[in-house]
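So you can see what is in the structure, the chains are spelled out below.
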Amino acid sequence: MHEADILVLGGGPAGGAVAIGLRRLGYSVTVIGEPRPFDALEGISDRVIQGMQGAGFQQALATLAPPSPRQVTWNGETNSANTERLLPRQAFDRALLQDLAAQGVTVMQGRIQRCQSDAEGHRVEVRLTDGEPQSCRANFLVEARGRAAPAAGTHRVRGTQTVSLLQYWQGPAAEPRTAVQSFADGWAWLAMRADGRRYLQLTVDVASTDLPPKRELSDWCRARLEQLEQARPFMADAEPTGEVYARTSTPVLCADVVGDNWIRVGDAAMAVDPLSGNGIFQALSSALQAPAVVHTLIQHPERAALAKAFHEARIEGLFYRFARIGRDFYAQDTQWPERPFWQARRQWPDARPMHEEVTPDQVSTALRPVVEDGLITEARVVVTPDQPLGIWHLNGLPLAPLLEAVRAEPETAPAEVLARTLGKEKGTLLEQWMRQQGWL
Ligand code: FAD
């Protein structure tokens, strides 16, 4: 029986980031995972690379291709201003396991077959890559198997059911590039590798699309791709190879994301529509603060409610933020307002704007969970409609006591009140900043 303080199920970006974070806090951590069973290529932006560097993904980052030009045809207009970094997921996941091992995390490569949990701990049965069975035990469990994680009952929120159909094509070697194009019943993401392999992906609505049986799927995809102007250069002198791979891409928010001795991170906690291209960024965002939650649950069980509230609020906040980014992008395309694909997505998850106008009467101070020295603790923060989790510091300056001091003296100029604590120059600057935020 293999034993560790913490078992992490799944070694993708979220599991990897949490494992390294927990190892840095001094825990013995074992990651159990196997690279994706299919060949996927995903696109990321530069800010994701920064997140991965911070998380310690050195060898995984080396699998990234240089930036490729990206053409987007959306709402009938074509834009080629952006670039995209292409990430081969199987090679990336494999290199990530090497990063984990290099940083002192025990890596067990294999398929997780069964997991039994109770208040005493967790027991996981694994079929190792060489075929040997292995049992593992730990007091704490991190569920990071992405969309493949058992849903543990229910999803609290579920977007319109969506599927992405990935068809591989092979043609002559070419300049790497990507393209996006919307069409009446969905949108396409197209990517070309230097070696001529092409990834042509159609994302469509499950309910309103009359999908054929599996054996006819390849022709069905081809017929739709042939109608897309952006797809032509990707199909020229090339032929489909292998079967079409279907991936669910429905947005989901899990009902339960944390307990006393377990936590869900990444797509296992919440997964967004791949349209926003934010999947890996969001998985990392949900994972980077999770080690503090786990550390608190283990070291300070008396603060369990606080730590759980922090993780729940953060996951929910991220889910709605990315869901609204997706909604606004869909809403920019007004060519097919009556088609079910566009109708459903341009108004989900709600009508709330991405950024709400903040007025002083909506701004308050309150006690909220925050991360301090690797643990969840409670502090007074400034809460606004835009920042429901609260803003604690600005450049190390706790903001709630300063805003409370200004509000306690409505007859005095805010800069004067702030100057008593910060000096004249900083007081004036902070007043200006608070006005810009809509707090005064
Ligand atoms: P994952 O990356 O899914 O990692 C989970 C890991 O657990 C995998 O390595 C898996 O093999 C392993 N695992 C699962 N079950 C088991 C098991 N039983 N035993 C052992 N190991 C197991 N994001 C982007 O940023 N850019 C894109 O272009 C993009 N395109 C996408 C296209 C589609 C169609 C979809 C559905 C998603 C896309 N995403 C994209 C989202 C992105 O893939 C995820 O958000 C991100 O990978 C989530 O990271 P994770 O670590 O939570 O889970």
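So, a few notes on the structure that sits alongside this text. Since this is a predicted model, take the numbers as computed values, not measurements.

Definitions and limits used
Residues numbered from 1 in each chain as written. Predicted model: local features only at pLDDT ≥ 70, side-chain atom pairs only at ≥ 80, totals over all residues. Heavy atoms only, no water. Core = buried A, V, L, I, M, F, W, Y, C linked by side-chain atoms within 4.5 Å. Buried < 20%, exposed > 50% of the residue type's maximum accessible area, 1.4 Å probe, protein only. Helix = DSSP H or I, 4+ residues; strand = E, 2+ residues; numbered from the N terminus. Contact = heavy atoms within 4.5 Å. Salt bridge = Lys/Arg side-chain N within 4 Å of Asp/Glu carboxyl O. Pairing = 2+ DSSP bridges. Near = heavy atom within 4 Å. Polar contact = N/O pair within 3.5 Å; in protein donor to acceptor, adjacent residues only side chain to side chain. Areas by Shrake-Rupley, 256 points an atom, 1.4 Å probe, with all protein chains shown as cover. Nonpolar A, V, L, I, M, F, W, Y, C, P; charged D, E, K, R; others polar. Disulfide = S-S within 2.5 Å. Axes fitted to C-alpha atoms, helices over the stretch in contact; angles between N-to-C directions. Parallel < 35°, antiparallel > 145°, perpendicular 65-115°, else oblique. Left-handed = near helix turned anticlockwise from the far one by under 90°.

### What to know about the nonpolar core
Point 1. Met52, Phe57 and Val142 are the most contacted members of the largest nonpolar core, which has 62 residues in total.
Point 2. It is helix α9 (residues 304-331) that contributes the most residues to this core, 10 residues altogether.
Point 3. Dropping the residues within four chain positions of it, phenylalanine 57 is found in contact with Pro13, Gly16, Ala17, Ile20, Met52, Phe92, Leu96, Asp99 and Leu284.
Point 4. One finds Trp169, Leu202, Phe234 and Ala238 within the second-largest nonpolar core, a separate group that totals 21 residues.

### What to know about the pattern of salt bridges
Point 1. Here the structure, examined in full by the defined rule, presents 26 salt bridges.
Point 2. The shortest N-O distance in the salt bridge between aspartate 39 and arginine 197 comes to 2.7 Å. Of the two residues, aspartate 39 sits in the loop between β2 (29-33) and β3 (41-44) while arginine 197 sits in strand β13 (residues 197-205), which places them 158 residues apart along the sequence. For the pair aspartate 39 and arginine 197, one class covers both residues: buried.
Point 3. A salt bridge links glutamate 226 to arginine 222; its shortest N-O distance comes to 3.3 Å. Of this pair, glutamate 226 and arginine 222 both sit in helix α5 (residues 214-226), four residues apart, roughly one helical turn.
Point 4. The class of glutamate 226 is partly exposed, set by a relative accessible area of 43%.
Point 5. Judged by relative accessible area, which is 24%, arginine 222 ranks as partly exposed.
Point 6. One continuous salt-bridge network, built from bridges that share partners, spans Arg36, Glu42, Arg89, Asp93 and Arg247.

### Side note on the pairing of strand β5 (residues 77-88)
Point 1. Pairing of β3 with β5, which is carried by four bridges, proceeds in the antiparallel orientation. Paired with isoleucine 44 across the bridge in β5 is arginine 85.
Point 2. Bridge analysis of strand β4 (residues 68-74) against β5 gives six bridges, and the strand direction is antiparallel. Across the sheet, tryptophan 74 pairs through a bridge with glutamate 77, a residue of β5.
Point 3. Here β4 folds back onto β5 in antiparallel fashion, the turn holding two residues, of which asparagine 75 has a positive phi close to 55°.

### Topic: the sheet that holds strand β15 (residues 252-254)
Point 1. Read across the open sheet, the three strands follow the order β9-β15-β17; overall the sheet is antiparallel. Where the open sheet ends on each side, the last strands, each with one partner, are β9 (155-158) and β17 (270-271).

### Let's talk about the site of the ligand
Point 1. Surrounding the ligand, one finds 33 residues, the nearest of these being Glu34, Glu42, Gly43, Arg89 and Asp267.
Point 2. Within the side chain of glutamate 42, an N or O atom sits 2.8 Å from an oxygen atom of the ligand.
Point 3. Measuring from an oxygen atom of the ligand, one finds a backbone N or O atom of isoleucine 280 at 3.0 Å.
Point 4. Contact with the protein chains hides 94% of the accessible area of the ligand, taken as 1,000 Å² for the molecule alone.
Point 5. Elements supplying a minimum of two residues to the shell around the ligand: α1 (13-24), β3, α4 (89-102), β6 (106-118), β14 (239-248) and α7 (279-288).
Point 6. In the shell around the ligand, the residues fall into 10 nonpolar, 14 polar and nine charged.

### Quick notes on the pairing of strand β18 (residues 364-372)
Point 1. Relative to strand β19 (residues 375-383), β18 runs antiparallel, the two being bridged by nine bridges. Residue pairing for β19: glutamate 372 is matched across the bridge by leucine 375.
Point 2. The antiparallel hairpin formed by β18 and β19 contains two residues in its connecting segment, where aspartate 373 sits at a positive phi of about 50°.

### Some points on the state of the cysteines
Point 1. On inspection of all chains with the given rule, the structure shows zero disulfides.
Point 2. Residue cysteine 136 stays outside any disulfide, its sulfur separated by 10 Å from that of cysteine 115, the closest cysteine.
Point 3. Just so you know, cysteine 254 is unpaired, no disulfide at all, and the nearest cysteine sulfur is the one on cysteine 115, 14 Å from it.

### Some points on the sheet that holds β13
Point 1. With mixed pairing, the eight strands of this open sheet are ordered in space as β3-β5-β4-β11-β12-β13-β10-β14. The open sheet terminates on both sides in strands that have one partner only, identified here as β3 and β14. Each adjacent strand pair in this sheet contributes to an overall mean axis angle of 25°, direction not counted.
Point 2. With respect to the sheet, helix α2 (residues 46-55) is in contact with β3 and β5, its orientation differing from that of β3 by roughly 100°.
Point 3. Against the sheet, α5 engages β10 (162-170), β12 (186-192), β13 and β14, with an angle of about 80° to β10.

### Here we look at the packing of α1 against helix α8 (residues 290-299)
Point 1. Interaxial distance between α1 and α8 falls to 8 Å at its minimum, and their mutual angle equals 50°. In terms of axis orientation, α1 runs oblique to α8. As α1 packs across α8, the resulting crossing turns out to be right-handed. For the pair α1 and α8, the contacting residues are Val18, Gly21 and Leu22 in the first and Ala290, Pro291 and Val294 in the second.
Point 2. When its residues are assigned to classes, the contact of α1 with α8 shows five nonpolar, one polar and no charged.

Functional significance is not addressed by these values, which are geometric in nature.
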